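Here is how the chains run, residue by residue.
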Amino acid sequence: MIDIWGRPTSSCTQRVLWACSELDLEYNLTLASATMGPKGHISKGHAPYGIVDTPAYQVMNPNSTVPLIKDGGFILWESNAIVTYLAMKYGAGALYQNDSQMLSRSIAWMAWTNEHLEPSLHTFVMELVRLAEELRSPDTVEPARTEIENWLKVLDKHLENQLYVCGDTFTLGDITTGVSVYRAHLFDACPSRLSNITKWQKKLSERNGFSHHVAPREFHLG
Ligand SMILES: N[C@@H](CCC(=O)N[C@@H](CS)C(=O)NCC(=O)O)C(=O)O
């Protein structure tokens, strides 16, 4: 049984939970966060789940962030590293076909997502949903939308002749990139004219891990 610390509203945690679902892994999820709790963000006066700022947690993850996993004696933070570990240890090739080139390409798309989409998505979620009104900077929202749309054009072109980010097979690259693009879509930053992305997202939405851990709108807009 794998222990996971995280929260359902964290896109990084969603990556890990979706990967567990793909790999049919049993896990025990402990809700943890310094900034979010069951009712919302601390800036609105809500209590956080906590745990991440305790010494016991910080020994495992000095960043005090989620997600974190403990698999036997092995402890790992950083969601893309966790997804990669789970696929390599338990996937028997399922999420990258046991192919080092496919694994490396998946890692490229995971890095692309963190670098090009995540900063603007963070702006959306904080400025439009989580922060208390008086702490918001509304001027940051439209530049973030333009930034995301520009990068999504790159992804749409990439998907012109293939079903998934690494070819015609679903890989771990689709998990990380798929979660973030779905979030962009919920914030109206993924125009429907990007039809290759729409087709790809539809295929992802048919997967159980996506339906359970990513699809609920309240995980992104709450
Ligand atoms: N690059 C890290 C980011 C870790 C991170 O910043 N996680 C966010 C949630 S997505 C977090 O811990 N936020 C603060 C909190 O919930 O206390 C990863 O992918 O794991």
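Residues numbered from 1 in each chain as written. Predicted model: local features only at pLDDT ≥ 70, side-chain atom pairs only at ≥ 80, totals over all residues. Heavy atoms only, no water.

Details of the nonpolar core
Okay, so step 1: Within the largest apolar cluster, 56 residues are counted, with the highest numbers of intra-cluster contacts made by I69, L86, L152, L155, I197 and W200.
Okay, so step 2: Only β1 (2–6), α1 (11–23), α3 (79–90), α4 (100–130), α5 (141–158), α6 (172–186) and α7 (195–205) provide two or more residues apiece to this core.
Okay, so step 3: For this core, the leading source of residues is α4, giving 11 residues.
Okay, so step 4: Each of domain 1 (2–90) and domain 2 (100–215) gives at least three residues to this core.
Okay, so step 5: Not counting the four nearest positions on each side in its chain, L86 is found in contact with I2, V16, C20, L23, L25, I69 and G91.
Okay, so step 6: Residues W5, V52, V66 and L68 belong to the second largest nonpolar core, which totals 7 residues. (Core = buried A, V, L, I, M, F, W, Y, C linked by side-chain atoms within 4.5 Å. Buried < 20%, exposed > 50% of the residue type's maximum accessible area, 1.4 Å probe, protein only. Helix = DSSP H or I, 4+ residues; strand = E, 2+ residues; numbered from the N terminus. Domains from an automatic or database assignment. Contact = heavy atoms within 4.5 Å.)

Topic: the pattern of salt bridges
Okay, so step 1: Taken as a whole, this structure holds 8 salt bridges when the rule is applied.
Okay, so step 2: Put simply, E22 and R207 hold a salt bridge, and the shortest N to O gap is 2.8 Å. With E22 in helix α1 and R207 in the loop between α7 and α8 (208–213), this pair connects stretches of sequence that are 185 residues apart.
Okay, so step 3: Under the relative-accessibility criterion, E22 is labelled partly exposed at 23%.
Okay, so step 4: For R207, a relative accessible area of 23% puts it in the partly exposed group.
Okay, so step 5: Residues K157 and E160 are paired through a salt bridge, measuring 3.3 Å at the closest nitrogen-oxygen approach.
Okay, so step 6: By relative accessible area, which is 55% here, K157 ends up exposed. (Salt bridge = Lys/Arg side-chain N within 4 Å of Asp/Glu carboxyl O.)

Regarding the domain arrangement of the protein
Okay, so step 1: Along its sequence, the protein is organised into domain 1 (2–90) and domain 2 (100–215).
Okay, so step 2: Taking only C-alpha atoms into account, the centre of domain 1 sits 20 Å from that of domain 2.
Okay, so step 3: With 21 residues of domain 1 in contact, the opposing surface of domain 2 contributes 28 residues.
Okay, so step 4: Contact between domain 1 and domain 2 buries roughly 2000 Å² in total, counting both sides, with carbon and sulfur atoms accounting for 59%. (Buried area = accessible area lost by both parts, 1.4 Å probe.)

Considering unusual backbone geometry
Okay, so step 1: Here the amide bond leading from V66 into P67 is cis, since omega sits at 5 degrees, within 30 degrees of zero.
Okay, so step 2: When you line up the elements, P67 lands in the loop between α2 (55–60) and β5 (68–71).
Okay, so step 3: Positive phi outside glycine occurs at Q97, with the angle close to 60 degrees.
Okay, so step 4: Among the structural elements, Q97 can be located in the loop between α3 and α4.
Okay, so step 5: At N98, a residue that is not glycine, the phi angle is positive and equals roughly 55 degrees.
Okay, so step 6: For N98, a relative accessible area of 58% puts it in the exposed group.

Points about the packing of α4 against α6
Okay, so step 1: At their nearest, the axes of α4 and α6 sit 8 Å apart, and the two run at 20 degrees to each other. Viewed along their axes, α4 and α6 adopt a mutual orientation that is roughly parallel. As α4 runs across α6, the sense of the crossing is left-handed. Where α4 abuts α6, its residues L103, S106, W109, M110, W112, T113, L117, E118, L121, V125 and R130 lie against L172, G173, T176, T177, S180, V181, R183 and A184. (Axes fitted to C-alpha atoms, helices over the stretch in contact; angles between N-to-C directions. Parallel < 35°, antiparallel > 145°, perpendicular 65-115°, else oblique. Left-handed = near helix turned anticlockwise from the far one by under 90°.)

Observations regarding the packing of aromatic side chains
Okay, so step 1: According to the stated counting rule, one finds 9 aromatic pairs in the structure shown.
Okay, so step 2: When the centroid spacing of 5.9 Å and the interplanar angle of 35 degrees are considered together, the rings of W18 and F170 count as tilted. Note that W18 is positioned in helix α1 and F170 in the loop between α5 and α6, a separation of 152 residues in sequence.
Okay, so step 3: With 5.5 Å between their ring centres and 75 degrees between their planes, W18 and F210 make a pair best called edge-to-face. Placement of W18 in helix α1 and of F210 in helix α8 is noted, with a sequence separation of 192 residues between them. (Phe/Tyr/Trp six-rings, centres within 6.5 Å; stacked < 30°, edge-to-face > 60°.)

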